[in-house]
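# Per-entry structural report
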Amino acid sequence: MTEIPKSAVARTARLASLPLGLAGRAALGLGKRVTGMAADVVSADVQRRTAEHLFSVLGQLKGGAMKMGQALSVFEAALPEDLAGPYRAALTKLQEAAPPLPAASVHKVLHESLGEDWRDLFKEFDDKPAAAASIGQVHRAVWADGRDVAVKVQYPGAGAALRSDLNQMARFAGLFKAIQPGLDVKPLVQEIRDRVTEELDYELEATSQRAFAAAFDGDPDICVPQVLKSSPRVLVTEWIEGVPLSTIIASGTVEERDTAGTRMALLHFSAPARVELLHADPHPGNFRMLPDGRLGVLDFGAVARLPGGHPEVIGRLTRLALAGDAEAVLVGLQDEGFVKRDAKIDAAAVLSYIRPMLDPVAEPKFRFSRAWLRAEAGRLANPKSPAYAMSRQLNLPPSYMLTHRVTLGSIGVLCQLEAEAPYREIIERWLPGFAEPKDLAKKPRRRKAE
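Summarised in this report is the structure supplied together with it. Small disclaimer: the values here were computed from a predicted structure and weren't measured.

Before going further, it helps to spend a moment on the pattern of salt bridges. Applying the stated criterion to the full structure yields 18 salt bridges. Connected via shared salt-bridge partners are R140, D148 and E241.

Structure (structure tokens):
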């Protein structure tokens, strides 16, 4: 009989404790209702305790559990303040922290991936990790030519742990509704699971990062580190020194927040046009603000491939919605599969559903905020809201799932930053279809990676 590793048993036990804990708190809530305590007080109490347990467990694990926590952390700005406040630190910790891998295990991976003479590649190598994430950790080192480098080493068994965690979390994705009622996590779990194989292959990540680095070489706003060496489980890139975006979120000045928000929007909208790829992991742990004002971008394990750039129809429908052309918007949504053609749906109601989401690009400048995002989340999640009823009639085509998730994640980060910027100007330049037809000739030609 094959012996099950103790670490695997511990991981499973921790994850299994989540639904059990929820059941216990539900029973507690029932008991309090019997004693006459107000239902809304009970609900808030259960919600708060569930959040505490959830993020505590996710924070102790690597693999899919931590990856799910990182994905959810960008939605922190949508949580009610009385809930988000106590757990903001825990959510931020999920973006960059994980228990470190022992030095001996790191050396073994380097030996297997780079050869027995792997130490000859470096002048110096720091055994203490500088950062840790869901499937690997990063060590600082000095390359043979004297350059400071980041060495990302994948955890042994990361693939199996990641798939196991995601399989378990898919079974109780409804737990997350205790944190944000109305948030459907099942598609998020499925989409992450579908991309696991890609993220586990550091060679594939290196290819994506090289493409980004070439496209943004010399860019005044965005910095992508060069790749120096790669293997399926080890990735060596240039080291970039900067302030973590999480620090800007926590204590940055208004100017720093606005600059970071502008750079984030530029990355999101310009990358598909310049390199036909979209950075698909927009949690704050993957970004640094460099001393020269550029946004340093890390971790290209998750990317969306967008041949031809962002779909033109998205920009066009956004422009039509802002112009109030409800019928044209409905036809466009039907053509793309967002609305079934035989559905009995009112064009004006669809426009009323969509229009508030477009406030960030309705005016020359917009300041994202937690209050704005909470209001939008409440509008969409409230069963008594017309927007909630409309959402039940709409569909998200599979081809848009990843782009939709990345856009929501980016908006979540902008709201954490409370950033103001000329977002309309950015998308007029970079989002196909958004500019008025007469202005199309002014759009810059796409730069492709060499």
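Taken in spatial order, the 4 strands line up as β4-β10-β9-β7 in an open sheet, and their pairing is mixed. The open sheet has two free edges, formed respectively by β4 (222-223) and β7 (243-244), since each of these has just one partner strand. Across 2 bridges, β7 lies against strand β9 (residues 287-289) in antiparallel orientation. Across the sheet, residue V243 finds its bridge partner in β9, namely M289.

Reading across the sheet, the 5 strands line up as β1-β2-β3-β6-β5 and stay open at both edges, with antiparallel pairing between neighbours. Looking at the sheet topology across the chains shown, the edges are occupied by β1 (122-132) and β5 (227-230). Averaged over all adjacent pairs, the angle separating strand axes in this sheet is 20 degrees, with direction ignored. The pairing of β5 with strand β6 (residues 234-238) spans 3 bridges and is antiparallel. Looking across to β6, one finds that S230 is bridged to L235. Its contacts with the sheet place helix α9 (residues 202-215) against β2 (136-143), β3 (148-154), β5 and β6, and it is angled at close to 165 degrees to β5.

The subject of this paragraph is the packing of helix α13 (residues 326-336) against helix α14 (residues 347-354). α14 packs onto α13 with a crossing angle of 85 degrees between their chain directions and a minimal axis gap of 8 Å. What the angle tells us is that α13 and α14 run roughly perpendicular. Contact residues: α13 offers A326, E327, V329, L330 and L333, while α14 offers A347, A348, V350, L351 and I354. Considered class by class, the residues forming the contact of α13 with α14 number 9 nonpolar, no polar and 1 charged.

So, about the nonpolar core. Within soluble globular proteins, side chains that are nonpolar tend to cluster in buried spots. With 63 residues, the main nonpolar core has F212, L245 and Y423 as its most contacted residues. Among the elements that take part in this core, helix α11 (residues 254-275) stands out by supplying 9 residues, more than any other. Excluding its chain neighbours within four sequence positions, the residues that come into contact with F212 are V224, L267, A271, V275, L277, L278, H279, F300 and V303. Counting residues in each nonpolar core, the second largest holds 24 residues, with F122, I135, A141 and Y202 among its members.

How each quantity is defined
Residues numbered from 1 in each chain as written. Predicted model: local features only at pLDDT ≥ 70, side-chain atom pairs only at ≥ 80, totals over all residues. Heavy atoms only, no water. Salt bridge = Lys/Arg side-chain N within 4 Å of Asp/Glu carboxyl O. Pairing = 2+ DSSP bridges. Helix = DSSP H or I, 4+ residues; strand = E, 2+ residues; numbered from the N terminus. Axes fitted to C-alpha atoms, helices over the stretch in contact; angles between N-to-C directions. Contact = heavy atoms within 4.5 Å. Parallel < 35°, antiparallel > 145°, perpendicular 65-115°, else oblique. Nonpolar A, V, L, I, M, F, W, Y, C, P; charged D, E, K, R; others polar. Core = buried A, V, L, I, M, F, W, Y, C linked by side-chain atoms within 4.5 Å. Buried < 20%, exposed > 50% of the residue type's maximum accessible area, 1.4 Å probe, protein only.

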